2 protein chains.
Amino acid sequence: MQQKSINLARLSLNQATIDQWDARAAIEGCMRAGIPSIGLWRDKVARTGLAKTARMVHDTGIQVSSLCRGGWFPAATASERQTRIQDNFRAIEEAAELQTKVLVLVCGPAPDRDIHAARAMVEEALTQLLPVAHQYDISLGIEPLHPMYAADRSVITSLAEANQLVEKFNDSHLGVVIDTFHVWWDVAVYEQIARARNHILGFHISDWLVPLPDVLLGRGMMGDGVIELRKLRQAVDATGYSGPIEVEIFNQAIWDMPGDDVLELLKRRYLEHV
Amino acid sequence: MQQKSINLARLSLNQATIDQWDARAAIEGCMRAGIPSIGLWRDKVARTGLAKTARMVHDTGIQVSSLCRGGWFPAATASERQTRIQDNFRAIEEAAELQTKVLVLVCGPAPDRDIHAARAMVEEALTQLLPVAHQYDISLGIEPLHPMYAADRSVITSLAEANQLVEKFNDSHLGVVIDTFHVWWDVAVYEQIARARNHILGFHISDWLVPLPDVLLGRGMMGDGVIELRKLRQAVDATGYSGPIEVEIFNQAIWDMPGDDVLELLKRRYLEHV
């Protein structure tokens with residue numbers, strides 16, 4: 001496969017990478033670093049204020065590649081599930097106000113041992129959310145998470161499952177978000193990327209360190225681990241996806257670095273490895 | 001599904017559960033506790049001595065459900081790969097001497113970023129090992145590991161992959177070992193268990209704790225986590241498998257308990273949850 005290199009035009013900072021920055025600081029940091037897009041998190045937007053963040057987005061012209069995150073659907077009772085869906089309605093509204101097109105869904109864990117039932121709850125929630133997503137013209141991106149999060153973050157554990165859900169709904173406003181950290185190990189990953197053609201809503205990157213330092217905060221900077229990032233990026237591109245590429249790294253050591261230094265490092269690594 | 005309960009007749013102690021015991025101590029512990037089978041580990045057998053362990057097995061009549069482990073096939077150079085295969089030849093001989101029928105294969109990580117090439121190395125190694133396996137009448141059990149070990153323990157990350165390998169070889173001495181900890185999250189797990197009909201060589205159990213305490217030493221005692229152990233055991237049984245059920249728990253807190261206490265606890269939990 002041709003090692004076609006890329007420039008920074010598609011680079012996006014997912015702000016989980018720099019935990020100490022609220023939305024304002026992250027947008028300012030991206031402007032300083034010449035990073036054209038940002039993936040925002042709801043809690044960090046709340047710290048800055050939704051209206052103020054939206055105004056900054058408008059004034060700076062920075063692209064909001066996605067809002068993280070909706071989801072977390074399965075719950076023990078119908079009323080709790082409805083509360084979660086209401087929260088997702090608000091997330092869709094926030095996404096619209098922040099002028100992004102994509103709400104990332106981390107679907108949530110089962111409330112008990114029954115992962116099969118929890119998966120059905122995800123489907124039920126999507127049925128309720130999609131009409132609202134259409135109303136606000138926000139697309140919902142199902143992000144399959146690594147199977148090591150199956151018990152505490154997402155019952156959707158592979159790109160195949162996410163693709164199957166998307167195909168079942170066959171809805172213009174439902175797609176997948178592909179994160180290299182979550183899917184790289186899958187023997188079917190290239191086949192499933194090809195299958196996602198026409199419904200890829202986002203592409204997230206980070207690396208898998210060996211040994212893994214921590215289940216949650218052990219993701220690596222691109223180039224520090226074993227993921228074939230360029231090959232995966234090229235496979236995603238080959239489907240026709242030409243949207244933003246978000247760097248999303250949960251890593252305590254990176255959180256401990258000055259944010260501006262992280263941005264310089266990730267730009268360099270992005271050009272070298274993605 | 002009928003909640004058919006089981007007795008202790010199929011229970012096996014995989015000796016990784018009690019790390020402080022060498023093979024001799026583990027066999028003696030099983031005799032005291034009335035546990036009829038044991039899964040031995042090569043390093044712990046070596047500490048007791050191979051011939052001495054084999055004699056104890058013969059004298060006590062304890063069943064050796066499996067020997068752990070062969071595998072670890074991918075390596076950067078052809079000569080290093082050949083060295084690993086030689087080591088697997090020895091593992092087969094040891095398995096025969098220990099009067100077990102099954103050598104468990106943990107296939108190993110890639111030596112670099114190319115997980116696809118590493119999977120081909122696994123296949124190549126199996127091609128060389130199977131004639132020797134026949135010669136000693138030892139079956140090779142491919143144990144797919146949880147995807148969180150894809151980078152440092154096994155490039156075979158799902159039961160589907162293991163089944164596909166077994167079907168490709170279509171060899172009477174090649175099958176799969178199913179471990180609940182490694183496969184429980186998989187949306188296709190019941191379908192893949194059914195597909196493994198006629199080539200299930202072992203069934204390992206432990207639980208998935210929430211949150212996961214540690215990537216390597218965080219497995220749980222049955223009943224302490226979220227895995228539907230009984231449902232999975234019944235699915236395995238429904239294929240016709242009636243062999244040993246090995247308790248294999250890597251957990252520092254359990255390693256810190258007196259071994260005899262662990263055995264009493266696991267017998268109780270086995271009857272309650274499996």
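Owing to the predicted nature of the structure, the values given are computational and were not obtained by experimental measurement. (Residues numbered from 1 in each chain as written. Chains lettered and ligands numbered in written order. Predicted model: local features only at pLDDT ≥ 70, side-chain atom pairs only at ≥ 80, totals over all residues. Heavy atoms only, no water.)

### Observations concerning the overall build of chain A
Helix and strand content of chain A: 11 helices and 10 strands. The C-alpha atoms of chain A give 17 Å as radius of gyration, which agrees with the globular expectation for 274 residues (19 Å, within 12%). Viewed in the frame of its principal axes, chain A has a C-alpha envelope of about 45 × 45 × 35 Å. Pairs at least 24 apart in sequence give 81% of the contacts found in chain A among residues at least 6 apart. For chain A, the accessible area works out to roughly 10,300 Å², and carbon and sulfur atoms hold 50% of it. Across chain A, the mean location of the 27 positive side-chain charges is 2 Å away from that of the 35 negative side-chain charges. (Helix = DSSP H or I, 4+ residues; strand = E, 2+ residues; numbered from the N terminus. Rg over C-alpha atoms; globule rule 2.2 N^0.38 Å. Contact = heavy atoms within 4.5 Å. Areas by Shrake-Rupley, 256 points an atom, 1.4 Å probe, with all protein chains shown as cover. Lys, Arg positive; Asp, Glu negative; His and termini not counted. Charge placed at Lys NZ, Arg CZ, Asp CG, Glu CD.)

### Points about the sheet that holds strand β4 (residues 102–106) of chain B
Residue and element names in this part refer to chain B. Read around the barrel, 8 strands follow the order β1-β2-β3-β4-β5-β6-β7-β10 and close on themselves; strand pairing throughout is parallel. The sheet shows a mean angle of 30° between the axes of neighbouring strands, direction not considered. One ladder, built from 4 bridges, connects β4 with strand β5 (residues 139–142); its direction is parallel. Across the sheet, Val104 pairs through a bridge with Gly141, a residue of β5. (Pairing = 2+ DSSP bridges. Axes fitted to C-alpha atoms, helices over the stretch in contact; angles between N-to-C directions.)

### Things to note about the sheet that holds strand β4 (residues 102–106) of chain A
Residues and elements named next belong to chain A. One closed barrel accounts for 8 strands, arranged β1-β2-β3-β4-β5-β6-β7-β10; its pairing is parallel. Direction aside, neighbouring strands of the sheet carry axes that sit 30° apart on average. Of the pairings in the sheet, the one linking strand β2 (residues 37–41) to strand β3 (residues 63–71) comprises 5 bridges and is parallel in character. Residue Gly39 lies in a different strand from β3, and its bridge partner there is Ser66. In the packing of helix α6 (residues 159–169) onto the sheet, contacts are made with β5 (139–142) and β6 (174–179), and the angle to β6 comes to roughly 165°. Packed onto the sheet, helix α11 (residues 259–273) meets β1 (11–14), β7 (200–205) and β10 (245–247) and runs at close to 140° relative to β1.

### Concerning the packing of helix α1 (residues 23–33) of chain B against helix α11 (residues 259–273) of chain B
Residue and element names in this part refer to chain B. Two elements in contact, α1 and α11, have axes whose closest approach is 10 Å; the angle formed by their N-to-C orientations is 50°. With respect to α11, the element α1 is oriented oblique. The handedness of the crossing between α1 and α11 is right-handed. Judged by residue contacts, Gly29, Cys30, Arg32 and Ala33 of α1 engage Asp260, Leu263, Glu264 and Lys267 from α11. When grouped by side-chain class, the residues that make up the contact of α1 with α11 number 3 nonpolar, 1 polar and 4 charged. (Parallel < 35°, antiparallel > 145°, perpendicular 65-115°, else oblique. Left-handed = near helix turned anticlockwise from the far one by under 90°. Nonpolar A, V, L, I, M, F, W, Y, C, P; charged D, E, K, R; others polar.)

### Some thoughts on the pattern of salt bridges
All names here are of chain A. The tally for this structure, following the rule as stated, stands at 38 salt bridges over all chains. The shortest N-O distance in the salt bridge between Asp237 and Arg10 comes to 2.9 Å. Here Asp237 is found in helix α9 (residues 229–238), whereas its partner Arg10 is found in the segment before β1, with 227 residues between them in sequence. For the pair Asp237 and Arg10, a shared accessibility class is recorded, and that class is buried. With its nearest N and O atoms 3.2 Å apart, the salt bridge here joins Asp137 to Lys101. Placement of the pair is Asp137 in the loop between α5 (115–136) and β5 and Lys101 in the loop between α4 (78–97) and β4, with a sequence separation of 36 residues. Residue class for Asp137 comes out partly exposed when judged on its relative accessible area of 38%. Using a relative accessible area of 51% as the deciding quantity, one classes Lys101 as exposed. (Salt bridge = Lys/Arg side-chain N within 4 Å of Asp/Glu carboxyl O. Buried < 20%, exposed > 50% of the residue type's maximum accessible area, 1.4 Å probe, protein only.)

### A look at the relation of the copies chain B and chain A
Laying chain B over chain A is done by rotating through 180° and shifting 0.0 Å along the axis; what remains is an RMSD of 0.0 Å. Taken together, these values place the two copies in the relation of a two-fold axis. (Least-squares fit on C-alpha atoms with pLDDT ≥ 70 in both.)

### What to know about the interface of chain B and chain A
Of the residues lining the interface, 26 residues belong to chain B; the matching set on chain A comes to 26 residues. Approximately 2,300 Å² of surface area, both sides summed, lies buried where chain B meets chain A, with 63% of it carried by carbon and sulfur atoms. At the surface where chain B touches chain A, the tally comes to 0 salt bridges. Residue composition of the side of chain B that touches chain A, by class: 15 nonpolar, 4 polar and 7 charged. (Buried area = accessible area lost by both parts, 1.4 Å probe.)

### Observations regarding the state of the cysteines
Using the criterion set out here, one finds 0 disulfides over all chains in the structure. Cysteine Cys30 of chain A shares no disulfide, and the gap to the nearest cysteine sulfur, in Cys68 of chain A, comes to 14 Å. Look at Cys30 of chain A and you get buried, because its relative accessible area is 0%. Summary of cysteine pairing: Cys68 of chain B is not part of a disulfide, and the nearest cysteine sulfur, belonging to Cys107 of chain B, is at 13 Å. (Disulfide = S-S within 2.5 Å.)

### A look at the UniProt feature "domain: Xylose isomerase-like TIM barrel" (unreviewed entry) in chain A
With numbering matched to this structure, UniProt assigns "domain: Xylose isomerase-like TIM barrel" (unreviewed entry) to residues 42–257 of chain A. With 44% helix and 17% strand, residues 42–257 of chain A has end C-alpha atoms that lie 22 Å from one another. (UniProt positions renumbered as here; feature names shortened; annotations may be inferred.)

### Considering unusual backbone geometry
Across the chain, the bulk of peptide bonds are trans and the bulk of non-glycine residues have phi less than zero. Residue and element names in this part refer to chain A. Omega for the peptide link from Cys68 to Arg69 comes to -10°, which places this bond in the cis form. With respect to the helices and strands, Arg69 occurs in strand β3. The phi dihedral of Trp72 is positive, around 55°, even though this residue is not glycine. By the secondary structure assignment, Trp72 is in the loop between β3 and α4.

### Description of the packing of aromatic side chains
What the rule picks out here adds up to 9 aromatic pairs over all chains. On the basis of an interplanar angle of 85° and a centroid distance of 5.8 Å, the ring pair of Trp185 of chain A and Trp185 of chain B is categorised as edge-to-face. Taken together, the positions of Trp185 of chain A in the loop between α7 (180–183) and α8 (189–195) and Trp185 of chain B in the loop between α7 (180–183) and α8 (189–195) put the pair across two chains. Site record: aromatic cluster; members linked through ring pairs are Trp41, Phe250 and Trp255 of chain A. (Phe/Tyr/Trp six-rings, centres within 6.5 Å; stacked < 30°, edge-to-face > 60°.)

### Things to note about the pairing of β6 of chain A
Residues in a regular strand project their side chains so that they alternate between the two faces of the sheet. Residues and elements named next belong to chain A. Extensive coverage of β6 is indicated by the burial of 6 of its 6 residues. Pairing of β5 with β6 involves 3 bridges; the strand directions are parallel. What sits directly across from Gly141, in β6, is Gly175. As for the winding sense of the linkage, the β-α-β connection from β5 through α6 to β6 is right-handed. Across 4 bridges, β6 lies against β7 in parallel orientation. From the neighbouring strand, Ile178 faces β7, where its bridge partner is Phe203. (Right-handed = clockwise from strand over helix to strand, strands pointing away.)

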